[in-house]
Structures are given as structure tokens and as C-alpha cells.
Protein chains: 2
Amino acid sequence: MPPGARLAVSTVIFALTPDADGDLPSLRIPLVRRLREPDKGRWALPGGWLPTTEALDVAAARTLAETTGLTPKHLEQLYTFGDLDRSPGERVVSVVYWALVHTNEIAHAVSDSNVCWFDEDSLPDLAFDHRGILDYALRRLRTKLEYSGIAHALLGETFTIAQLRGVHEAVLRRRLDPANFRRTVEASGTLVDTGTRLAGTRHRPPALYRFDDTSDPHPAPLIRTQTPTPCPGSGTAHQEQPPIAPDELRERDFSTTHQG
Amino acid sequence: MPPGARLAVSTVIFALTPDADGDLPSLRIPLVRRLREPDKGRWALPGGWLPTTEALDVAAARTLAETTGLTPKHLEQLYTFGDLDRSPGERVVSVVYWALVHTNEIAHAVSDSNVCWFDEDSLPDLAFDHRGILDYALRRLRTKLEYSGIAHALLGETFTIAQLRGVHEAVLRRRLDPANFRRTVEASGTLVDTGTRLAGTRHRPPALYRFDDTSDPHPAPLIRTQTPTPCPGSGTAHQEQPPIAPDELRERDFSTTHQG
DNA sequence: ACAAAAGTGTTCGCCTTACACCCATGG
DNA sequence: CCATGGGTGTAAGGCGAACACTTTTGT
């Protein structure tokens, strides 16, 4: 029973451009430069090897904090990539997460010649298959934004509805009707009016809202255990049993691979 | 750099009850009995350790074929479970897939005292955290059925619209309007009329359809590579770089874990 | 007073849902 | 010719897109 492959954890991090005062924000992704072979010198997703005594999500949060200095507001498993030819010479399986960080968090981020923020549409050449992974994460972000209230995770604690709309417009890359957007998010019941208003605008001051996190519409699965049961109708045959491996759990996704 | 954890691959397999002639079919899941410690004697998801030279989905298909004798029509990554306390004594990370098999495939399945089919709502006690995983897979199956044409993967090559509706009704556990269901699936453009009809019914013979697999609405991500780029604006700091791991790709999902 | 964005009201059209009805075959 | 499910037609209701309109601030 060989270990099979080395296990790594990587994260695709999304943040917004520190808003250019009036202009629409855009998505930015921090990447780190590889200091070793293989693919030394190229840009890659932050990550690292999985320690024996660390949960997957914890490892993702730790490695991204170590490399970029960020603590994400939202962290979610993306997919596990395990093809044979991903890394030259060695078999590596990567459990990839994606994360959203607050705009004001970006200030605390590591600034370094080896850590760099790239705009969504001016990405450099990436190491390994990281470009495909990043594109996939972008698809997921866009898909999830349309049915889930995660946009707030890219803003600060409080925000205006217009700012929230700006996030949606930036991520979805299309204009949204202010009136309809307002009604939609108000109807979702996930926003709480703080009572305060944002001053300093050169027009009517907008209300500031806070996100209501007391209602997750996409709950994590629960674990439970019971007591053994016999096999109801059993035939007779021989069957060599490979070792069965245990599993864990987290949240919700979709992925497809056809196989005849 | 330790291996971190042992890597396993497991699969949640779904099939339909060989239809009870008129009655609504129901979901069945094959489980295997564990022949070793830990959790020896309990029922578990089919699976095995990941070999060094095998892709994840290939390993999933192989292990489920070896244990159950089945070749799934649909195979898709579910989630990767990697908590610390999943398996007593050893750290195991499991990449879990879920699969759909044709009704007629079930006949070829292994019949054994150690391989047993369980109805969706009469499941036994499961080993490790497999019960939570199974419930999660069920949630995903139900969610995906509503926006994706995967129901046919539980039937044979050809099927009537009523049979297809039966699958939806069984999985979603609610009645569907025959007229509206017909129009919906016909409008989706994924069905091809075979010209033949199903005989032997005690009423009007229904048309037999085939699934049109030439249009996947949920494409797999693509990989591409380019050429290096410099870091636009770079500050100055020191940064210890953990090894960055490469990643792979497949299809689409959603999962959530919050982290302050 | 004017500009500009916040916020409200209302209409239009589509799409889903519900259900009435005809069609074709076995008994 | 009747029962049964296959298959078609159609009207009602809900919901989102589009857009006119009012409100509130800064300059």
C-alpha cells in the first residue's frame, strides 16, 4: 500500500480593486512566484503540502495566510485535481479551495516581489495547470454569486446597496438595474439596515447595511452514526474486497466526468 | 516533507429498483461490508487506496467495478473529505465520487453477502463518516437533477418520457405534471425520438427516446499555458515561500466553509 | 437651482403551473 | 366500448426586466 501521491492544498483568492472612486471595481487575484523547480520563477496559486495533523480547510487558510498575509471572509472547497501529468516527475494531488477577502483586508496583504496582485484580465502565465484551475474558480464564483449572498464577503463589514451591486456588476461583467437589484437583495432578507448612512457623497447619502449571517441557505451536511444491520437478500458469490477508505464532509458542489 | 495523509477514493452509487411494473421506482445504493479493521463488519461505500499511477476518476471507476461489478453511466466528483478524526489511528483523505448506473446494469452486479443493495430509506449503519457523505451525495443528486439532464443515466439506452418522469419523481420524491414535464424535456433538446414505440402496455404505446449527448451544458474547464510576465507594482519585504503544489481539473461544484 | 445618485411605483411580457381535453391501444 | 395512460391545448398567476418618477443630498 503505497501513499499513492503527495497531497497539496492550494487556494484561488479573489478580492476587489480598492475602489477607484466611482468607477466599477474589478476582480484581483494574488499569485506567488515559485522559488523552486519545477516551474521555478512562474506565478502560481498560494498553497503548500498538507501536514498530517491539519484539516484541509485549515491548511488552506494557513498556507494562504502565510504567503499572502490574508485572512479570508469566505473559504470554500473548489475541486480536487489529481491527473497524472500535472507536475513533472512527481504525482501530486491538489485539493483546491477558493476564497473571498474584504477590500480593507488587502491593505494587510504581503507586498513583495514574489507576491503580486493581478487583474482578472491581465493574468500572467501560470505554473502547472493553475490557469485552468483559476478559470474554473472564476466560473464557480460567477455561478454562485447569482443564487447565493456571498458578494458581501468582498466588501467590508458595512456597505451600501450600490456597493453590493457594484460587486455583482464587476463579477458578472454586466450592468444591473439599480431598482430591481435593490428589491431583490431586500427581499432575500439577508441584509440588515444599520441605521447609519454613508456621508461624503456628492448626492443623497445611501443607507449602510450589514450582512445577516444567521440564515445559511446552503447548510453543511451532518454526520451521524447508528448500529449494524444484516444484509436483507443475499446471493452467493466470491468477492475480493479492496481496502475501503473512510471519508469526511463539508458542503455543496457539482462536477462531472463521463465514463462509459 | 511527509506524505501528509493516505489518499483514498470512494464512490456513492445510485441505481433504481428494477421497476415494479407500474409502481414508482425508488433509489438504491450498493454498499460493501468491511472485511478489516477499523470498522470491520460495517457497511461502507465502495472504494480503495489511490494508486500512484492512476487518475482519480479512473481509480473511482475501477474500485467500484471491482467491488460491485458495475460500470457507471455517469461518474462525477462529489467532494474531498479530510478531517482529522475520520478514521481511527490513521489520517485518511478521501476523494469521493458519485455515480449513476443503468437499470439493466444491475443484473450484472456482484451478488454477495458482502455486497448489498439498500433502499434509500432503509439504510444500515455505515462505517466512518460514510452516512454523512451519502446524505450529501443525495442532496447533490436532487439538486443537479433539477437543472441537468442526468436522469437518463439511471435508465437504459432507450426510454419513454413517462419512465424519465418516474426517475425524477422518485429522486425528487414528489409528483410531476406529465404534460408539463413532457414539454420541458422536449424543449431542452436533449431527447431524440427513436421512431419506435414501447409495446405490451395495456394502453396507447408510448414513444421511445434516446438521450442526445452531443451537447453538454456544463463543460469541463480547459487548460492552457502562455509565457511569463513581470510583477507590475512590487513592494519590498521578505517572505518565506512554502512549496507550491500543482493542481488538476474536471467539472463543476459548490462547497462552503466559513473562516473568519 | 441643478446634477446625480438613492429609492419607489408600475407596467409588460415571459415562463411556470394547473387542468381540461383528445388520442390510441388492450382487454 | 370502456379504461388507462400517452399526448396536446390553453388560460391564470407569479416573477423578473424595463423604465418613469419622486427624494435627498452636495455644489
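Note that this is a predicted model, so its numbers are computed, not measured.

Draft legend 1. Quick look at helix H1 (residues 56-68) of chain A. Residue and element names in this part refer to chain A. Between its first and last C-alpha atoms H1 spans 18 Å; for 13 residues at 1.5 Å apiece the expected length is 18 Å, and the two agree. Residues of H1 that are buried: Leu-56, Asp-57, Ala-59, Ala-60, Ala-61, Thr-63, Leu-64, Thr-67 and Thr-68. A positive phi of about 80° marks Gly-69, the residue just after H1.

Draft legend 2. Main features of the domain arrangement of chain A. Residue and element names in this part refer to chain A. Split by domain assignment, chain A resolves into domain 1 (1-132) and domain 2 (158-221). Every contact between the two is made by seven residues of domain 1 and, on the other side, seven residues of domain 2. Where domain 1 abuts domain 2, roughly 570 Å² becomes buried across the two surfaces, and 60% of that area is made up of carbon and sulfur atoms. Where domain 1 meets domain 2, there are two salt bridges. Glu-120 is the partner of Arg-173 in a salt bridge, and the nearest nitrogen-oxygen pair spans 3.1 Å. Between the two partners, domain 1 and domain 2, sit two residue pairs in polar contact (both at pLDDT 80 or more). Of the residues assigned to the side of domain 1 that touches domain 2, the class counts are four nonpolar, one polar and two charged.

Draft legend 3. Region of interest: the packing of helix H2 (residues 130-145) of chain B against helix H3 (residues 161-172) of chain B. Residue and element names in this part refer to chain B. In contact at an axis separation of 10 Å, H2 and H3 are set at 135° when each is read in the N-to-C sense. In terms of their interaxial angle, H2 and H3 are classed as oblique. For the pair H2 and H3, the crossing hand works out as left-handed. Residues Leu-141, Arg-142 and Leu-145 of H2 pack against Val-167, His-168, Val-171 and Leu-172 of H3. Looking at the contact of H2 with H3 residue by residue, the classes come out as five nonpolar, one polar and one charged.

Draft legend 4. The arrangement of the protein's contact with DNA strand C in detail. Around DNA strand C, a shell composed of 19 residues is seen, among which Arg182(A), Arg183(A), His203(A), Asn180(B) and Pro205(B) lie nearest. Between Arg183(B) and DNA strand C, the recorded distance is 3.2 Å, taken from a side-chain N or O atom to a base nitrogen. Contributions of two or more residues to the surface near DNA strand C are made by helix H3 (161-172) and helix H4 (178-188) of chain A together with helix H4 (178-188) of chain B.

Draft legend 5. The arrangement of unusual backbone geometry in detail. Each neighbour pair has its own omega, and for Glu37(A) with Pro38(A) the value is -5°, a cis peptide bond. Within the fold, Pro38(A) resides in the loop between strand E2 (27-33) and strand E3 (43-44). With a phi angle near 65°, Asp39(B) is a residue other than glycine that sits in the positive phi range. Inspection of the secondary structure assignment puts Asp39(B) in the loop between strand E2 (27-33) and strand E3 (43-44). Although it is not a glycine, Phe128(B) adopts a positive phi angle of roughly 50°. Positionally, Phe128(B) belongs in the loop between strand E7 (115-119) and H2.

Draft legend 6. Main features of the pattern of salt bridges. Residue and element names in this part refer to chain A. Enumeration according to the criterion identifies 36 salt bridges over all chains in this entry. Note that Arg-42 is salt-bridged to Asp-39, the shortest N-O span being 3.2 Å. Residues joined in a network through salt bridges with shared partners are Glu-120, Asp-121, Arg-142 and Arg-173.

Draft legend 7. Region of the structure containing the protein's contact with DNA strand D. Near DNA strand D you find 19 residues, and of these Asn180(A), Arg204(A), Ala162(B), Arg182(B) and Arg183(B) are the closest. For DNA strand D, the fraction of protein-proximal atoms (within 4 Å) that sit in sugar or phosphate groups is 61%. Contacts to DNA strand D include Arg197(B), whose side-chain N or O atom sits 3.3 Å from a phosphate oxygen. For DNA strand D, a base nitrogen lies 3.2 Å from a polar atom in the side chain of Arg204(B).

Draft legend 8. Representation of the sheet that holds strand E8 (residues 158-159) of chain B. The strand order E8-E10-E9 (chain B) describes an open sheet built from three strands, whose pairing is antiparallel. Strands with a single pairing partner mark the edges of an open sheet, and in this sheet they are E8 and strand E9 (191-197) of chain B.

Draft legend 9. Representation of the sheet that holds strand E9 (residues 191-197) of chain A. All names here are of chain A. Within the open sheet, the three strands sit side by side as E8-E10-E9. Their pairing is antiparallel. The open sheet terminates on both sides in strands that have one partner only, identified here as strand E8 (158-159) and E9. Bridge analysis of E8 against strand E10 (residues 207-211) gives two bridges, and the strand direction is antiparallel. Its bridge partner lying in E10, Thr-158 is registered against Arg-210.

Rules and cut-offs
- Residues numbered from 1 in each chain as written.
- Chains lettered and ligands numbered in written order.
- Predicted model: local features only at pLDDT ≥ 70, side-chain atom pairs only at ≥ 80, totals over all residues.
- Heavy atoms only, no water.
- Helix = DSSP H or I, 4+ residues; strand = E, 2+ residues; numbered from the N terminus.
- Expected span 1.5 Å × (residues − 1).
- Buried < 20%, exposed > 50% of the residue type's maximum accessible area, 1.4 Å probe, protein only.
- Domains from an automatic or database assignment.
- Contact = heavy atoms within 4.5 Å.
- Buried area = accessible area lost by both parts, 1.4 Å probe.
- Salt bridge = Lys/Arg side-chain N within 4 Å of Asp/Glu carboxyl O.
- Polar contact = N/O pair within 3.5 Å; in protein donor to acceptor, adjacent residues only side chain to side chain.
- Nonpolar A, V, L, I, M, F, W, Y, C, P; charged D, E, K, R; others polar.
- Axes fitted to C-alpha atoms, helices over the stretch in contact; angles between N-to-C directions.
- Parallel < 35°, antiparallel > 145°, perpendicular 65-115°, else oblique.
- Left-handed = near helix turned anticlockwise from the far one by under 90°.
- Near = heavy atom within 4 Å.
- Pairing = 2+ DSSP bridges.

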